[in-house]
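# Structural description and commentary
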Amino acid sequence: MIETLAGAPEAKVEDLSASALLALARDRKAAEDRAAADVLEVAARWADLHPPESIHTAAVFTDDGCYGLEHEEPIAGPGCPAVAEFCIAELGTVLGISSTSAKRLIGHALELRHRLPRLWAQVQAGAVPAWRARTVAEATIHATPSLTVEAAQWVDAQVAAVAGRVGAAQLDRLVAETIKRHHLDAHDPTKDPEDGWQHVDPRHATLHSEDVHYAGTMRFEAELGIADALDLDRALAHGAETLKALGSHAPLDARRSAALGDLARTQTALDLHAQGSTAARSEDGLPIAREVAVHAHFDASLEGLETVFGSTGRMEEGQRLVLLDQVKHWCGDSRTKVTVKPVIDLTAELTAPGYDIPDRIREQIILRDRTCVFPWCTRPARACDIDHVIAYDHDAAAEGRSQPGPTVSSNLAPECRWHHRLKTHTAWRYDVIKPGVYEWTSPHRHRYRRDRTGTTRIDTPPRAADDPEPPDRP
């Protein structure tokens, strides 16, 4: 059985008529849009409850990157209130999203409510979907140069007039026109004084590392100057023809793609050669190309398992699948340096006498946990700090006490710098259930279990009539 939005029972979906199915789809979509608008309103109200001075034990990003006191971290455009930095994690974990996504959500909510009020009203009235309004907010938050409150409200009026129905290209042109109308580019060195139009340099070369195809490819997008684009096109055409002459039967586009990779590898080799490098040389006499480390892991127990993609493993960079055939191809290049490291027992309890973490233990923790162990964080462990779960007591030995937080495998976990600071300076706590399995408790007593497979909610605290303040850090 399913229920309507009003709670009345209905027949099973397979028993519904065509008209009833359409009605149900319409109602569910309306409920989805309403829920997304509600989440935006909750995010804005959550920000209201957490001004920067509300969390006294929080830390800040100081200019030298050290720990300090919490600062007002702007996450929306000028004119929006500041938000306590560490309140973001609590909302994100409840929603099941990363802290970065939660920060973006709160920023969009504040941008809409304070600088795009017409669009905000349309979202709350159900006239504009939340996702469309958030696209506009993202553009006005990150406009260069920054939009003043008046400029943002001018964008708001234009977008609200068409009920938010603007595409990405139209939105870019609208922001550019706003900057021109409000003279925000008056001192912009990129402005072209000859024709009075703002010139935004569109050139870029962007690797979309999160956009990984199952075939083991990534998308690389570029906008080049005319001369550079023509030169690159000729080089790729020549490279594609060379590959064909050497026996490649791949399609033209695939050969052009391979030629671009060959061009990059050749350039790194030429750079080293031109600098008179004494680096090791390959069998063909050319220097080994500049080193790019890729960490790929394959489960030997799955050898021979047939899949549509062939043998697959995990690549740490981007936390993506990688094909065994791809790795073989990379290693088959004569200018590739291959390092094979011994297998590490991830269940062994490794120890060190002091506070510093030796490389052998660090590598074990990285391989065991894979990412930052904070709920829903996906930052690769290799880019994280290794934290003593129970703090190391530097005075224990001098005072004749046993060490409460020893440097051992079971007391160590990777945390990205932001979540390391969060754990150190707020009431967030976590315990080791067993090596690689952690249970986190938030300041509002929500609990989460995190292991190498992901995050699971353990329970939800009972809702009290008077919500108590979260406990301060001891």
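This is a predicted model, so every value here is computed, not measured.

## Considering the packing of helix α3 (residues 99-115) against helix α5 (residues 130-141)
Each pair of packed helices can be summarised by the angle the axes make with each other and by the distance between the axes. Running from N to C, α3 and α5 cross one another at 85 degrees; their axes reach a closest spacing of 9 Å. In terms of orientation, α3 lies roughly perpendicular with respect to α5. Here Arg104, Leu105, Gly107, His108, Glu111, Leu112 and Arg115 of α3 lie close against α5, whose contacting residues are Ala133, Arg134, Ala137, Glu138, Thr140 and Ile141. Here the contact of α3 with α5 is built from residues that sort into five nonpolar, three polar and five charged.

## Observations regarding a nonpolar patch on the surface
On the surface, Leu207, Met218 and Phe220 cluster together into a nonpolar patch covering about 280 Å² of accessible area. Here Met218 shows up in strand β4 (residues 218-223).

## A word on the side chain of Arg255
Here Arg255 lies in helix α9 (residues 252-274). Buried within the structure, Arg255 lacks any salt-bridge partner; Glu241 is the closest side chain of opposite charge, at an N-O distance of 4.3 Å. Apart from residues lying up to four places away in sequence, Arg255 is in contact with Ala240, Glu241, Leu243, Lys244, Ser248 and Ala250.

## Re the confidence of the model for the protein
Per-residue confidence for the protein gives a mean pLDDT of 79; residues scoring 70 or more make up 70%. Across residues 1-8, confidence stays below pLDDT 50; counting only partners more than four residues off in sequence or on other chains, it has 17 contacts. Across residues 56-72 the pLDDT falls below 50, and counting only partners more than four positions away or on other chains, this stretch makes 43 contacts in the model.

## Side note on helix α12 (residues 417-425)
Note on helix geometry: an α-helix contains 3.6 residues per turn, so any two residues three or four positions apart are oriented the same way. Burial runs high along α12: seven of the nine residues are buried. All of the buried residues in α12 are Trp418, His419, His420, Arg421, Leu422, Lys423 and His425. The secondary structure elements touched by the buried residues of α12 are α2 (88-95), α3, β9 (385-388), β11 (412-415), β12 (429-434) and β13 (437-441).

## Topic: the packing of helix α4 (residues 117-124) against helix α6 (residues 149-161)
Between α4 and α6, whose axes approach to 7 Å, the crossing angle comes to 40 degrees. As summarised for this structure, α4 and α6 are arranged oblique, according to the angle between their axes. In contact with Pro117, Arg118, Leu119 and Gln122 of α4, α6 contributes Gln153, Asp156, Ala157, Val159 and Ala160. For the contact of α4 with α6, the residue count by class is five nonpolar, two polar and two charged.

## Brief notes about the sheet that holds β12
In space, the four strands of this open sheet follow the order β12-β13-β14-β15, with antiparallel pairing throughout. Because the sheet does not close on itself, it has two edges, and the strands there are β12 and β15 (454-459). Between one strand and the next, the sheet's axes are offset by a mean angle of 25 degrees, whatever the strand orientation.

Criteria and cut-off values
Residues numbered from 1 in each chain as written. Predicted model: local features only at pLDDT ≥ 70, side-chain atom pairs only at ≥ 80, totals over all residues. Heavy atoms only, no water. Axes fitted to C-alpha atoms, helices over the stretch in contact; angles between N-to-C directions. Helix = DSSP H or I, 4+ residues; strand = E, 2+ residues; numbered from the N terminus. Parallel < 35°, antiparallel > 145°, perpendicular 65-115°, else oblique. Contact = heavy atoms within 4.5 Å. Nonpolar A, V, L, I, M, F, W, Y, C, P; charged D, E, K, R; others polar. Patch = residues over 30% accessible without salt bridge, like charges linked within 9 Å, V, L, I, M, F, W, Y side chains within 5 Å. Areas by Shrake-Rupley, 256 points an atom, 1.4 Å probe, with all protein chains shown as cover. Salt bridge = Lys/Arg side-chain N within 4 Å of Asp/Glu carboxyl O. Buried < 20%, exposed > 50% of the residue type's maximum accessible area, 1.4 Å probe, protein only. Lys, Arg positive; Asp, Glu negative; His and termini not counted. pLDDT = per-residue confidence, 0-100. Pairing = 2+ DSSP bridges.

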